Amino acid sequence: MKWFAIIAALVGIRFLLFLYCKQLLAVLENNVAISTPLTSYQYLLEGLFYYSRNLEIYNGGIYHQSPILLYVMNLLDATGYIDLLSYMLWITLDVVSALALASMDDFRPLTAVIYLANPFTIASLLARSTLIFTSTAILMSLATAKRRRAVLAMTFLAVATHFSLYPAALLPPVMYMSVGSRLSLYSFAKTFFVFVAATSTCMALSYAIAGSWHFLKFYKVSLLFQELKPNIGIWWYFFVEMFDFFMPFFLSVFNLHVFIYSLPLTIRLRHDPLFAAVTVLGLHAMFKPYPSIGDISLYLSLLPLYSRIYTQLKYAWVALLALAYASILTPTFYHLWIVLGSGNANFFYAITLTYVIAMTTIISDTLWAVLRLQFDDGASSKQVIQT
Amino acid sequence: MAVSGSRVKTALFGFIVKRVSFLAVIALVVGACWLFVLPLPGQFRNTYISENALLPGQAQAYFRSSEWHYLRGYKEEVRRLSDKPASEVVESLSTILSEQGYYTDVYHHEPDKATVYGIFRAPRGDNTEAIVLVCPWTNGNGLFNFNGIAIGLALARYLTKWSVWSKSLIFVFPPDPHKSLREWVAAYHRSLPIQAGSIEGALVLDYPSDLSGFSAIDISYTGLNGQLPNLDLINTVVTIADFNSLPTFIHGGLDKLFNALPSFLNPLKSSAYFQLLSTLLSSVAAQVTSGLNRVAGCESFSGWRIDAITISAIPTSELSHDETVYGRIIEGTLRSINNLLEHFHQSFFFYLLLSPHHFVSIGTYLPAAMSIAGAFTLQGISKWISYIQNGSSRSSILKAFFVEAAILAFTFALLSFSLLFDSQLVAQMLPTFCACIIPTALYASPMSYALLNEIHGVALVLSGMALTALATLNFSLALVVGLISSPLMFLKPGINRMHAGILLLVLNPFFIFYFVGMFTNGYTYIINTFVSSWRDMQVWTWIIVMCLWLPLWEVSAFISMANVREEAKKEVK
């Protein structure tokens, strides 16, 4: 009952902020750390404008998201209350994500509360970043995979992949999770077929909605990093001054970097493929072309599933402080650079590097702790602390 | 091997952990002493012109004896207008400007308050860039800007004779350089009927006398909320003044400070270190009080990417430079800004001047504020560590955050209260409200030592973070607020209440304002200045006081006054 009240209060806060802090919403919607060109709600509305007037959506160079979102938004728009209804849809997805997280942790309510109370989650929700469709699908996929529902898990993963492509890297751990130790060529082929079938269905739906294959351009924008706008990732600064003839090489290297860790991590962590998936998500929050704090909140919200490793962490405070400092300095330095004009791009880039340092520390620390527990249950480290 | 390695690491970690509090003290001392090292030789640099296009002083300035009789005529006109009602002044000024060929308009603030402005379209430009010259009717000290207006009018006539301008010239005659000018600048970017594109530079003319002679010029440059104009603009004016063999001062010169010093310190006055230090400190003080105290005029342009400075003449009745030299300095500066192909960007935006020719850049001075902010974080961490080492099983960090959030909500409510009901009564009620925390702490049920310690730790870490962010925006404010509130970090739960009470009284923001008010215009005046500066000029200082300094004070008061649960206290020993 107590937990129910806390969750209800957290949802209530979301409604109150939406109803009474419109200025805050506008600020967050325009914040580069929260909305990227691929997840911005304003761009979604722009796309909706094109869609509802039967214009070619993907020629404007503004809309880089899935046509399915447009269809949903159009339905909401038809009622005349698009603002309120879309916000309720976002909150519902947030609650579904929280439940999916809790279900992975024997329905421990604290896990859901930690997700819902995370300021990054709230900021991302208030900005109505469309990343939430991806992250909810990912969490549902992980939750169902943990219960060995291979078909559902693969379907959700296909949906997530459809929305933002990079969740495809979760294929090895999720597949391994959902089939478990009975991994055979047959089960592999079966689950993979489900994934392909679900992806094809999403594609077919998108084709039906968009009326042409032009919508595939939005994957191109992501893969070729065609929207050169600052975000908290490490791509934009690198590609700002890249010579054209180096572009193909570095684009392949950077893209490879996003996908390359997935399989080895799954093999090494085969006793706990969920943790491999969590770590891959953490790496995505750093290395994907358009990361936002929504990605970081997704990764951080999965860590409470591993509360047993907390005693083994060595740099938890350092990493959390670095993350906190980075999140307070990001808007400050962006303001110095873009609004006041007294700072420059290097200021903001330095802060994105701080994000990466914090995330790297958390990822390597948790990975070390999990492997440590697997090795000797943390026996020798306990001994050291006692002496 | 691995285990023994980690044992060494653990031992080292333990050694450092026990001394984090000591490290915080070191950081604090370093931060406090840092500024006093900067005036030593080798720490600062000579200024230089970074943007080649500026070419300061290279163009011959012709605002000379041939303009004398025009200037005398305008002086007579200004003398005639000096005791006339505002409406007649506005009408005369706009008639003069439009007769000179300016597109003239009047911006009305209130029924009896208006700003005249006129635009001279650039003969060699496309009307997308402009330079602003401001001649306020009264200057920042409330003195009648006699020669400032007369020279402004004479320049307005003279400058149209040239065909070199690639940027439009805007002459502005506001009633005061404070709220009125700010409103005009805001209106220029929103609603004014005649426009001349983006403002590339702004000069405020300040010559509050009818004496023909002046001995030196004084440059005020701080903007609001820690913003500064590009250093190239100041360097340009200083270089042109040098070519005219005119001495320059920064922020009111040193006379005021020198007169305040006891006479046995006289030998110090001539030492280079002392002169550089006092200019540096006056730069810091100007940045802290910018928009609050004396508003020179250039502050009003902050927030629109406009580089603005105020050039004040120091009048003298002795035989010295005449008014046209002042006009030539303005003319030369305009020619330099006119040369720019892109917006000021080459030189420094973060600097402190030690003299007109010497400066320190951000990398050299920022460590002062950063190490003070770091001291807060370190002390906060040390409170957490001592708590973790005491071996309490469950973290009460959520409770600590809850207390911090409640106190922040309280101070935010006080802030909104003071902004909504801006009056003397509210200003006098604020200290009482803020002291409410002490009876709350005294009568609250006893809390464990660890929890109180952790509440303090959370507050210190958050303050450290806020100070770091503030230091990048407004270095001086972060330094001063950090230094003044730093003793609060040494309070502990269960400390002698008498000692804690005295320390808390002395460090209370309102007590400090009251104390400062005793020597200046009084406590309520200070509070009302803070509030009106936020309302009229968007100066953050009051927000910082109420959302950074006061919450830290409230938390420190709470934890040092609260009753400590006995058994928890023993556990620590």
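Residues numbered from 1 in each chain as written. Chains lettered and ligands numbered in written order. Predicted model: local features only at pLDDT ≥ 70, side-chain atom pairs only at ≥ 80, totals over all residues. Heavy atoms only, no water.

Per an unreviewed UniProt entry, the recorded name for chain B is GPI transamidase component GAA1, and the organism is Tortispora caseinolytica NRRL Y-17796.

The following threshold applies: UniProt positions are given in the numbering used here, feature names are shortened, and annotations may be inferred rather than shown by experiment.
The name an unreviewed UniProt entry gives chain A is GPI transamidase subunit PIG-U, with Tortispora caseinolytica NRRL Y-17796 as the organism. Within the UniProt record for chain A, the comment given under Pathway (unreviewed entry) is "Glycolipid biosynthesis; glycosylphosphatidylinositol-anchor biosynthesis." Recorded in UniProt under Sequence similarities (unreviewed entry), the annotation for chain A is "Belongs to the PIGU family."

A look at the overall build of chain A
Definition in use: Elements are defined by DSSP. Helices are runs of H or I of four residues or more, strands are runs of E of two residues or more, and each kind is numbered from the N terminus. In this description the radius of gyration comes from C-alpha coordinates, and the expected globular size is given by 2.2 Å times residues to the power 0.38. Only protein chains enter the calculation, and the probe is 1.4 Å; a residue is then buried if its accessible area is under 20% of its type maximum, exposed if over 50%, and partly exposed in between. Contacts are assigned to residue pairs with any non-hydrogen atoms lying within 4.5 Å of each other. In this charge count, Lys and Arg are treated as positive and Asp and Glu as negative; neither His nor the chain ends contribute. The atoms used to mark charge sites are NZ of Lys, CZ of Arg, CG of Asp and CD of Glu.
Scanning chain A from N- to C-terminus turns up 20 helices and zero strands. Its C-alpha radius of gyration of 21 Å places chain A within 12% of the 21 Å reference for a compact globule of 387 residues. For chain A, the C-alpha atoms occupy an extent of roughly 70 × 60 × 55 Å along the three principal directions. By residue count, 56% of the 387 residues in chain A fall in the buried class. Here the analysis covers contacts within chain A between residues at least 6 apart in sequence; of these, 71% occur between residues at least 24 apart. If the 22 positive side-chain charges of chain A are averaged to one point and the 16 negative ones to another, these points end up 10 Å apart.

A closer look at helix H4 (residues 86-99) of chain B
Residues and elements named next belong to chain B. Where we set the bar: A helix is expected to reach a length of 1.5 Å times the quantity of its residues less one.
An ideal rise of 1.5 Å per residue puts 20 Å on 14 residues; H4 measures up with 20 Å between its terminal C-alpha atoms. If you check which residues of H4 are buried, you get Val89, Val90, Ser92, Leu93, Ser94, Ile96 and Leu97. Along its buried surface, H4 packs onto helix H3 (68-81), strand S2 (103-110), strand S3 (113-120), helix H5 (146-159) and strand S5 (168-173). Looking one or two places after H4, you find glycine 101, whose phi comes out positive at around 100 degrees.

Considering the domain arrangement of chain B
Residue and element names in this part refer to chain B. Quick reminder of the rule: What fixes the domain bounds is an automatic or database domain assignment. As used here, buried area is the combined drop in accessible area, with a 1.4 Å probe, of two parts when they are placed together. Salt bridge, as used here: a side-chain nitrogen of Lys or Arg that lies within 4 Å of a carboxyl oxygen of Asp or Glu. Identification of polar contacts relies on pairs of N or O atoms within 3.5 Å, with a donor-acceptor requirement for protein atoms, meaning one able to donate a hydrogen and the other able to accept it, and with residues adjacent in sequence counted only if both atoms are side-chain atoms.
Segmentation of chain B into domains returns domain 1 (2-39 + 364-572) and domain 2 (65-253 + 290-356). Listed by partner, the interface residues are 16 residues for domain 1 and 16 residues for domain 2. Of the roughly 1,300 Å² buried between domain 1 and domain 2, counting both surfaces, carbon and sulfur atoms make up 63%. Interface area lost by domain 1 to domain 2 is led by Tyr365, Asp536 and Met537, which between them contribute 44%. Connecting domain 1 to domain 2 are zero salt bridges. Between domain 1 and domain 2 we count four residue pairs in polar contact (both at pLDDT 80 or more) in total.

Some points on the packing of helix H13 (residues 397-420) of chain B against helix H16 (residues 449-473) of chain B
Residues and elements named next belong to chain B. Just so we agree on the cut-off: Convention adopted: a line fitted to C-alpha atoms gives each axis, helices being fitted over their contacting stretch, and angles between N-to-C directions are expressed from 0 to 180 degrees. The cut-offs work like this: below 35 degrees is roughly parallel, past 145 is roughly antiparallel, 65 to 115 is roughly perpendicular, and the gaps in between are oblique. Left-handed is the label given to a crossing in which the near helix is rotated counterclockwise from the far helix by less than a right angle, and right-handed is the label when the rotation is clockwise. Note on residue classes: Ala, Val, Leu, Ile, Met, Phe, Trp, Tyr, Cys and Pro are nonpolar, Asp, Glu, Lys and Arg are charged, and everything else, Gly too, is polar.
Running from N to C, H13 and H16 cross one another at 60 degrees; their axes reach a closest spacing of 9 Å. Here H13 is positioned oblique relative to H16, judged by the angle of their axes. The chirality of how H13 crosses H16 is right-handed. Residues Ile397, Lys399, Ala400, Phe401, Val403 and Glu404 of H13 lie in contact with H16, whose contacting residues are Leu451, Glu454, Ile455, Val458, Ala459 and Leu462. When the residues that make up the contact of H13 with H16 are grouped by side-chain class, the tally is nine nonpolar, no polar and three charged.

Overview of the pairing of strand S4 (residues 129-134) of chain B
All names here are of chain B. Rules: Any two strands are treated as partners once DSSP identifies two or more bridges connecting them.
Extensive coverage of S4 is indicated by the burial of five of its six residues. Where S4 and strand S6 (residues 198-206) come together, six bridges link them in parallel fashion. Note that in S6 the partner of isoleucine 131 across the bridge is glycine 201. The pairing of S4 with S5 spans five bridges and is parallel. Looking across to S5, one finds that isoleucine 131 is bridged to leucine 169.

A word on the UniProt feature "transmembrane region" (unreviewed entry) in chain A
All names here are of chain A. According to UniProt, the positions carrying the feature "transmembrane region" (unreviewed entry) are residues 151-171, 192-215, 235-261, 315-340 and 347-371. A helix fraction of 74% and a strand fraction of 0% characterise residues 235-261, whose end C-alpha atoms lie 18 Å from each other. Structurally, residues 315-340 comprises 96% helix and 0% strand, and the distance from its first C-alpha atom to its last is 36 Å.

Topic: the confidence of the model for chain B
In low-pLDDT regions, the fine details of the predicted coordinates are not to be read closely. Residue and element names in this part refer to chain B. What counts, and what does not: For every residue, the predictor reports its confidence as pLDDT, a number between 0 and 100.
Mean pLDDT over chain B stands at 90; residues scoring 70 or higher make up 94%. When pLDDT is averaged over each helix and strand of chain B, the minimum, 50, is found for helix H22 (residues 566-572) and the maximum, 97, for S5. Predicted confidence is poor over residues 568-573, with pLDDT under 50, and the contacts of this stretch with residues over four places away or in other chains come to nine contacts. This complex was scored by the predictor with a pTM of 0.91 and an ipTM of 0.88.

Here we look at the state of the cysteines
The cut-off we apply is this: Any two cysteine sulfur atoms within 2.5 Å of one another count as a disulfide.
All told, the structure shown has zero disulfides over all chains when counted by the stated rule. The thiol of cysteine 298 of chain B is unpaired, and the distance to the nearest cysteine sulfur, on cysteine 135 of chain B, comes to 15 Å.

Brief notes about the sheet that holds strand S1 (residues 45-46) of chain B
Residues and elements named next belong to chain B. Overall, antiparallel pairing links the three strands, which are arranged S1-S12-S11 in an open sheet. Looking at strand neighbours, the two that pair on one side only are S1 and strand S11 (351-355), the edges of this open sheet. Of the strand pairs in this sheet, S1 and strand S12 (residues 358-361) are connected by two bridges, and their pairing is antiparallel. Each residue of the ladder has a partner; that of arginine 45, found in S12, is phenylalanine 359.

Some points on the UniProt feature "transmembrane region" (unreviewed entry) in chain B
Residues and elements named next belong to chain B. Listed under "transmembrane region" (unreviewed entry) in the UniProt record, and renumbered for this structure, are residues 20-40, 359-381, 401-421, 433-452, 458-491, 503-527 and 539-564. The span residues 20-40 is 86% helical and 0% strand by assignment, and the distance between its end C-alpha atoms comes to 30 Å. For residues 458-491, the helix share is 79%, the strand share is 0%, and the end-to-end C-alpha distance is 14 Å.

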